[in-house]
Amino acid sequence: MNAPIKLLALALILTGCGTKPETISSPDGNLEVTFELTDQGQPSYSAKYKGKDIVLPSLMGFDLKDAPSLTDNFRQTGIERSSFNETWVPVWGENDSIVNNYTQMTVSLEQGKRKMDIEFRAFDDGFGFRYIFPEQPTKTFTVTDELTQMAMAGDHMAWWIPGDYDTQEYEYTKSRLSEIRSHADDNFMPNASQYRFSPTGVQTALMLRTNDSLYLNLHEAALVDFPAMHLDLNDSTLTFKAALTPGPDGTMATFSTPFKTPWRTVTVGEKATDILASNLTLNLNDPCALDDTSWIHPTKYMGVWWEMITGVSSWSYTNAENFDLATFDYSKANPHGRHGANNENVRRYIDFAADNGFDQLLVEGWNIGWEDWFGKEKDFVFDFVTPYPDFDIKALNDYAHSKGIKLMMHHETSSAVDNYDRHMDGAYDLMNRYGYDAVKSGYVGNIIPKGEHHYSQKQVNHYLNAVKKAADKHIMVNAHEAVRPTGLCRTYPNLVGNESAMGQEFGDMSPQHCTILPFTRLKGGPMDFTPGIFRMKITDFAPGGQGSQKRATIPNQLALYVTMYSPLQMAADMPEHYKAHYDAFQFIKDVPVDWSKSIYLDAEPGEFIVAARKDKNSDEWYVGGVTDENARQYTLHYNFLTPGKTYEATIYADAPDADGFTNPEAYTISKHIVSTESQDTIDMARGGGFAISIKPAEKD
Ligand code: NOJ
Ligand code: CA
């Protein structure tokens, strides 16, 4: 280099002027991610799949409290490239091994004395990037806004729920990006805690389809010590901007260096099923942090629960009002007689669950305080250790254990988070004492202390802390109303479930809901959706109770055990409803909750999903198909079976006159021998589906 050019190069570096684009390609070469600094020294990235734009040049960076923004005047001080290829074995999962293969590029940036690196990983099925703040003179950063953009290359079709700092319990709306604003209220549903921040705000995982039929999914991975990210759309430019969940003082996050943010991710596929099969979120999380995972186990459970949800019985023991839990004397109280978690009823459920091969029985409403929780916004309602007088915690656990099952603990926190933190050790110790190894927790209502939102940095830390503490005590966690998952179950596999979306307990959701959740909510981790409702007209058995009519057939409900992957699956209905359709209940008894192989055979978001999975512990296969509000026919090819072997397929299908809306409990069960060349054409009613168990026909 001659002297003037050398000088010019030096000047460019020092003033933070634009750099030449740096690109990485996915291992198969189809996906390209490019980073560059603009002429103003602004970090910017873009991405292409097979030459098609999937993210147009998008700016990156942060606004900070009491400090200049980390948005421009950067200079690039280094770049490192590497590649990685491993196959890891999940403790539980859709597959018994997962390939994690990517190329990586880490760009080091400096703005004055402040340092910020950006790390990109390109996979065959998408990419992620995160910000890394190395150790540096600035010890602490307080973020007031994340400015990361995701500029879309067209007016894509989107399946979205409104951006909300406190709830994900919404039905999905399908619209073009440009129509989000005009459809903002289409599926509005009031919630006990709710804060929508923008008419163009949406939640991740966001499912998109481009005009040239690429499927995209925008999400985040490894959400640790940071607020959850929503996306807010500029509908003139079709550019999303990160929208973090604020804390009570309006700032988003405070962290000390060194620090890594969560990953911002884009999954891409040519088929909708590519998105369903992608492991990108899991792969962007750290490997398992627990030395011993032998105590973690997939779990099929029933619950003293649906009867409360539908209003047949109650969580509470009395009708007392306005009392102080600390002084209220339950032994002198007047029970209202509708308490679900009573000794006799719990034993009845234990008998049924044990007789039918379940692992656990959830009992809600076992502990004092339910008279005083909903909407009260009190700091201290539950102590998580004191049973109601009619729930003999020792005797019932002993009885369950004698029958080979465990009880499952329930901690409704009523979002009094500090109260839960104060009681957590004692609550977990009680579980250890009586032999519980799984807890369903919940966060209904506004977070107390006031001003916090469900997805703020403090709350995100609380949920993970509850999981880590539980791991120390060998307890599995299934948290409802907590932040939506981002693949942390890879690192902490005792996080066996979350709700974090609209689940079955919302009585009359539209049938399309279950054809969207696997593309959205489930991309972060398993959902405790609670399938298996058999008695669809709720007012028939719970007069005056909650919910009206489920819009789903029984085969649809069976199929959900296959289409909605979770290592924790509930048979949500009550024993008497299963007894009434005991032949169909056989599928729930049979279906595994851990798999060696999963194949998404065909799908379209909002329309239908068909999946096949092989049991981890046998040669059995299970197939599930669900449809939306349209009846549809599906021809299933059994070509996933082992060639040369024969199997007996038991098909649970909608009866010819079945209808998810008007005749939901009409089904047929048929059996026949199948092999890899076989095919079956199956009719699904609207709101319907089918489920098939496929067992080796003869011993090899
Ligand atoms: C909301 C949960 O999602 C539900 O399953 C639970 O029964 C209630 N909270 C009461 O804790
Ligand atoms: Ca809920």
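Quantities reported herein were computed from a predicted structural model and do not represent experimental measurements.

Conventions used here
Residues numbered from 1 in each chain as written. Chains lettered and ligands numbered in written order. Predicted model: local features only at pLDDT ≥ 70, side-chain atom pairs only at ≥ 80, totals over all residues. Heavy atoms only, no water. Helix = DSSP H or I, 4+ residues; strand = E, 2+ residues; numbered from the N terminus. Buried < 20%, exposed > 50% of the residue type's maximum accessible area, 1.4 Å probe, protein only. Areas by Shrake-Rupley, 256 points an atom, 1.4 Å probe, with all protein chains shown as cover. Lys, Arg positive; Asp, Glu negative; His and termini not counted. Charge placed at Lys NZ, Arg CZ, Asp CG, Glu CD. Donors = N, O, S within 2.8 Å, 3.2 Å for Na, K, Ca; no water. Axes fitted to C-alpha atoms, helices over the stretch in contact; angles between N-to-C directions. Parallel < 35°, antiparallel > 145°, perpendicular 65-115°, else oblique. Left-handed = near helix turned anticlockwise from the far one by under 90°. Contact = heavy atoms within 4.5 Å. Salt bridge = Lys/Arg side-chain N within 4 Å of Asp/Glu carboxyl O. 1 Å grid on protein atoms, 1.4 Å probe; cavity = no way out; pocket = protein on both sides within 12 Å on 5 of 7 lines; lining within 4 Å. Points joined across faces, edges and corners; volume = space filled by probe spheres on them. Nonpolar A, V, L, I, M, F, W, Y, C, P; charged D, E, K, R; others polar. pLDDT = per-residue confidence, 0-100. Near = heavy atom within 4 Å. Polar contact = N/O pair within 3.5 Å; in protein donor to acceptor, adjacent residues only side chain to side chain. Sits in = over half its atoms within 2 Å of the grid points. Pairing = 2+ DSSP bridges.

Our focus in this paragraph is the overall build of the protein chain. Scanning the protein chain for helices and strands turns up 12 helices and 37 strands. For the C-alpha atoms alone, the extent of the protein chain along its principal axes is close to 90 × 70 × 50 Å. A total of 700 residues make up the protein chain; the buried ones form 62% of that total. Approximately 24,900 Å² of the protein chain is accessible, and the part contributed by carbon and sulfur atoms is 48%. Side-chain charges in the protein chain split into 61 positive and 94 negative, and the spacing between the mean points of these groups amounts to 3 Å.

The expected angle between donors at a tetrahedral four-coordinate metal is 109.5 degrees. At an octahedral six-coordinate metal it is 90 or 180 degrees. The coordination sphere of the calcium ion (ligand 2), as far as protein atoms go, consists of E169 (OE), E481 (OE), E499 (OE), E499 (OE) and E505 (OE), spread over 2.2 to 2.9 Å. The sequence pattern describing where the donors of the calcium ion (ligand 2) fall on their chain is E-x311-E-x17-E-x5-E. Of this pair, E169 sits in the loop between strand 13 (157-160) and strand 14 (173-176) while E505 is found in the loop between strand 28 (495-498) and helix 9 (538-541), placing the two residues 336 residues apart along the sequence. By relative accessible area, E505 is classed as partly exposed at 22%.

Attention shifts here to the packing of helix 5 (residues 343-355) against helix 6 (residues 393-402). What describes two packed helices is the angle between their axes and the distance between those same axes. Viewed as axis vectors pointing N to C, helix 5 and helix 6 meet at an angle of 15°, and their least axial separation amounts to 10 Å. Our classification of the angle between helix 5 and helix 6 gives roughly parallel. Crossing geometry of helix 5 relative to helix 6 is assigned as right-handed. Two secondary-structure elements touch here, helix 5 through N343, V346, R347, I350 and D351 and helix 6 through A395, L396, Y399 and A400.

The subject of this paragraph is the packing of helix 10 (residues 554-563) against helix 12 (residues 582-590). At a minimum axis separation of 10 Å, helix 10 and helix 12 run at an interaxial angle of 10°. Classified by the angle between their axes, helix 10 and helix 12 sit roughly parallel to one another. Where helix 10 abuts helix 12, its residues I554, L558, Y561 and V562 lie against A584, F587 and I588.

According to the stated counting rule, one finds 38 salt bridges in the structure shown. A salt bridge links K614 to D619; the nearest nitrogen and oxygen atoms lie 3.4 Å apart. Its relative accessible area of 18% is what places K614 among the buried residues. The class for D619 is partly exposed, based on a relative accessible area of 35%. What emerges from the salt-bridge pattern is a single network uniting E146, E220, R264 and R484.

Our next topic: the layout of surface pockets. If you add up the space inside the largest pocket, you get close to 950 Å³. Considering the residues around the largest pocket, the lining is formed by 47 residues, among which I309, W315, W373, F374 and V444 are closest to the centre. Going through the elements one at a time, helix 4 (306-309), strand 25 (406-412) and strand 26 (438-442) are the ones with two or more residues in the lining of the largest pocket. At three residues, the largest contribution of residues to the lining of the largest pocket is made by strand 26. Considered class by class, the residues forming the lining of the largest pocket number 17 nonpolar, 19 polar and 11 charged. There is about 430 Å³ of room inside the second largest pocket.

The next thing to look at is the confidence of the model for the protein chain. For the protein chain, the average pLDDT comes to 95, and 97% of its residues sit at 70 or higher. Note that residues 1-16 has pLDDT below 50 and, in this model, 12 contacts with residues that lie over four places away or in other chains.

A few words on the site of ligand 1. The immediate surroundings of ligand 1 are formed by 13 residues, with E364, E412, K440, H480 and E505 found nearest. Separating an oxygen atom of ligand 1 from a side-chain N or O atom of E481 is a distance of 2.9 Å. In isolation ligand 1 offers 300 Å² of accessible surface; the protein chains occlude 95% of this area. Cavity membership is defined here by more than half of the atoms lying within 2 Å of grid points; on that basis ligand 1 lies in the largest pocket.

Before going further, it helps to examine the sheet that holds strand 30 (residues 595-604). The strand order 30-31-32-37-34-35 describes an open sheet built from six strands, whose pairing is antiparallel. In this open sheet, the two strands that pair with only one neighbour each are strand 30 and strand 35 (667-674). Mean inter-strand twist for the sheet, computed between neighbouring axes without regard to direction, equals 15°. Summarising the sheet, strand 31 (residues 608-615) and strand 32 (residues 621-627) pair through seven bridges and their orientation is antiparallel. Residue pairing for strand 32: V610 is matched across the bridge by G625. On top of the sheet, helix 10 reaches strand 30, strand 31, strand 32, strand 34 (647-654), strand 35 and strand 37 (689-696); it is set at about 125° to strand 32, its chief contact. Packing of helix 12 onto the sheet brings it into contact with strand 32, strand 34, strand 35 and strand 37, and relative to strand 37 it is tilted by some 65°.

This part is about the sheet that holds strand 26. Strand order across the open sheet formed by seven strands is 28-27-26-25-24-23-29, with parallel pairing between neighbours. What marks the edges here is a single partner per strand, and that holds for strand 28 and strand 29 (568-570). Strand after strand, the sheet turns through a mean of 25° between neighbouring axes, direction not considered. Pairing between strand 23 (residues 299-304) and strand 24 (residues 360-363): four bridges, direction parallel. Paired with M302 across the bridge in strand 24 is L361. Its contacts with the sheet put helix 5 on strand 23, strand 24 and strand 25, and the angle it makes with strand 23 is roughly 150°.

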